[in-house]
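Single-letter residue listing:
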Amino acid sequence: MPIHVLPPEVAAKIAAGEVIERPASVVKELVENALDAGARHIRIEVREGGRRLIRVSDDGSGIARAELSLAFARHATSKLRSLEDLERIRTLGFRGEALASIAAVSRVTMMSRQADSPSGAIIHLEGGVQTHQTEVGMAPGTVVTVENLFYNVPARLKFLKAPATEAGHIHRVVTRYAMAFPEVRFHLRMDGRDVLQTSGDGSLYNVLLELFGPETCRQLLALPEQNLEESEIPSRAWVSGYVGTPTLHHAQRDHITLFVNRRWVQDRLLSTAIVQAYHTMLPNGRYPMAVVSVTLDPSEVDVNVHPAKNEVKFRDQHTVFRIVQETVRRALLEKGSISPAMLRSENGVPSTIVPSTEVGWRQLAHFGFEAQRTLDGAGAEEVPSQSRLPVLRVLGQLALTYVIAEGPDGLYLIDQHAAHERVLFEEVKRQWAAAVVPTQQLLPPSLVELTPGQAAVLEAERATLARLGFEIEPFGGYTYRLRAVPEMLAIGDPAMALRDILSELAEGGVPLMRHADERVITTVCKRAAIKAGQVLSLQEMQELVRRLEQCQAPRTCPHGRPTMLYWSAAQLAREFGRI
Ligand code: ADP
Ligand code: MG
């Protein structure tokens, strides 16, 4: 085929494909336009997952009659004049191609009226071609109706999913904007049913309450104010929003919602910063819930990465990463939660449906408590807000596994192994940072024979192990000479301890570089921690609890399991029918 220029209608449809992938993309672009027009109330009406009809009505600034037809021209925009304007862009749109793209692949009607105009104008387009324009009576604002989407692009039509699936995508889009703009009233109606309505009162918390319900919202922590240092001002990023307590976790990352300058974005970097802030607080392979908004000078971020405008690039991504991570971490440490047994349940159902609740169940059942009743009644009002523990008085040991302790306001049941893991983990991390992990020389050194797998891990983690206090020399083949070990492993058989640690690390697959140190530290601490079934003297238990009180995150072990269960005095009084 010789080279030739594509006919305009073919080029238009191809270009449209980048912006309008599915019905939800139409909703996104129209809602963005309404927000850019300063709307305070946006109504979205959808039929058959958006295939048949999408209508977005707003009470924003409207479009001048003379410009109505121009709005549908490709690269026509009122939001930007020059490339430099892109540096300071504060609107959601700027490419001037959404309306053109929508019009190329559907039948569109737009009515619009500016407040100072006595009436509105209405324009109709089919397949990108304007068919007529007339005058119409309407309230100030804009109403865009998109019908028969992709009627002229059979390939796209074929790839659309079931109406319910497309409706789900639309719901998510509207949900995101409702979170990003709590001062705007959103109303989503699907096939005649009101499915989402926000009040527009400006409170993000109220939007979240509307979207996720009280049970989830009770487990959210507001992000704290940040005190930025002078040096950070140039790339200053303000972080706000809510993050879930570690009790709220999901199998996927998609419960993390991110906004940059009020634009919803998909950003691996920021979501990683958030996930890492939960490090050691969540069970392996689980992800937190978060709604996090980053605000920074528009010149610090490039929004023009993709036609769909869902990706951004930061000029100084390291600073943004660090500020987000630190802010989330601080929220978790300052207001971290305690194990789920104490979370309020309103209707007699345990309030969290997360695996850690099951731990509570099993443990309760194990002790002959009547698990169902106890959890039914679990309704502590006061969630101690600080993550640090109060001073506890040890009462005794239960089942050679748990320490029973009394606090100023209730009963604590502490898992001795998990608690000791947490204590060692934090102590070693402090020593590690100061490069002073106490070690024990082995006299004489012991010879350790490793499997090829264990030896491979040893070689890979050599530097980390050395810094932790292991002095290891090759002795030929897979045999090594062990000269010293971290002090905490000196009791028992150090050679066996080393083999256990290497096996455990080997089973975990290839460690992520970023976490390599912490993975090794966690594994060493797990091996060194006292086990369940070990008799503890009162003194030993007191010592353990004292050290746990010193911890930054005493309520979970480094793997994210709870270290303790808690019942408040009020809860106990209720259980015994005293109140
Ligand atoms: P962009 O949003 O990138 O400018 P669009 O194709 O989405 O491009 O819209 C083109 C222009 O039409 C906008 O710049 C704006 O001036 C006008 N416009 C579109 N929708 C609305 C609306 N709901 N209210 C007011 N003006 C609108
Ligand atoms: Mg737009």
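Structure first, text after, so check above.
The structure reproduced in this document is the subject of the present report. The structure presented is a predicted model; accordingly, all values stated were derived computationally and were not measured.

Within the open sheet, the three strands sit side by side as β21-β23-β22. Their pairing is antiparallel. In this open sheet, the two strands that pair with only one neighbour each are β21 (439-449) and β22 (471-474). Strand-to-strand, the axes of this sheet are offset by a mean angle of 15°, without reference to chain direction. Both β22 and strand β23 (residues 479-486) contribute to a ladder of four bridges, which runs antiparallel.

Contacts to ligand 1 come from 21 residues, most closely from Asn-33, Thr-77, Ser-78, Lys-79 and Gly-96. Within the contact set of ligand 1, an oxygen atom lies 2.6 Å away from a side-chain nitrogen or oxygen of Lys-79. In this structure, Leu-99 approaches ligand 1 through a main-chain N or O atom, which is 2.9 Å from an oxygen atom. Contact with the protein chains removes 92% of the 530 Å² of surface that ligand 1 exposes when unbound. Among the elements of the structure, α2 (23-36) and α4 (98-104) are those that each provide at least two residues to the shell around ligand 1. Of the residues contributing to the shell around ligand 1, the split by class is nine nonpolar, eight polar and four charged.

What follows deals with the pairing of strand β24 (residues 564-568). Among the five residues in β24, five count as buried, and that is most of the element. Here β24 shows no split at all, with Met-564, Tyr-566 and Ser-568 on one side and Leu-565 and Trp-567 on the other all buried. Bridge count for strand β20 (residues 410-415) against β24 is five bridges, and the pairing is antiparallel. Bridge pairing in β24 links Ile-414 to Met-564.

Among the surface-exposed residues, Leu-6, Val-10 and Ile-14 lie close enough to one another that they form a single nonpolar patch of about 240 Å² accessible area. Relative to the helices and strands, Val-10 resides in helix α1 (residues 8-19). Judged by its relative accessible area of 32%, Val-10 is partly exposed.

Calculation notes
- Residues numbered from 1 in each chain as written.
- Chains lettered and ligands numbered in written order.
- Predicted model: local features only at pLDDT ≥ 70, side-chain atom pairs only at ≥ 80, totals over all residues.
- Heavy atoms only, no water.
- Pairing = 2+ DSSP bridges.
- Helix = DSSP H or I, 4+ residues; strand = E, 2+ residues; numbered from the N terminus.
- Axes fitted to C-alpha atoms, helices over the stretch in contact; angles between N-to-C directions.
- Near = heavy atom within 4 Å.
- Polar contact = N/O pair within 3.5 Å; in protein donor to acceptor, adjacent residues only side chain to side chain.
- Areas by Shrake-Rupley, 256 points an atom, 1.4 Å probe, with all protein chains shown as cover.
- Nonpolar A, V, L, I, M, F, W, Y, C, P; charged D, E, K, R; others polar.
- Buried < 20%, exposed > 50% of the residue type's maximum accessible area, 1.4 Å probe, protein only.
- Patch = residues over 30% accessible without salt bridge, like charges linked within 9 Å, V, L, I, M, F, W, Y side chains within 5 Å.
- Salt bridge = Lys/Arg side-chain N within 4 Å of Asp/Glu carboxyl O.

Geometric values such as these leave the question of function open.
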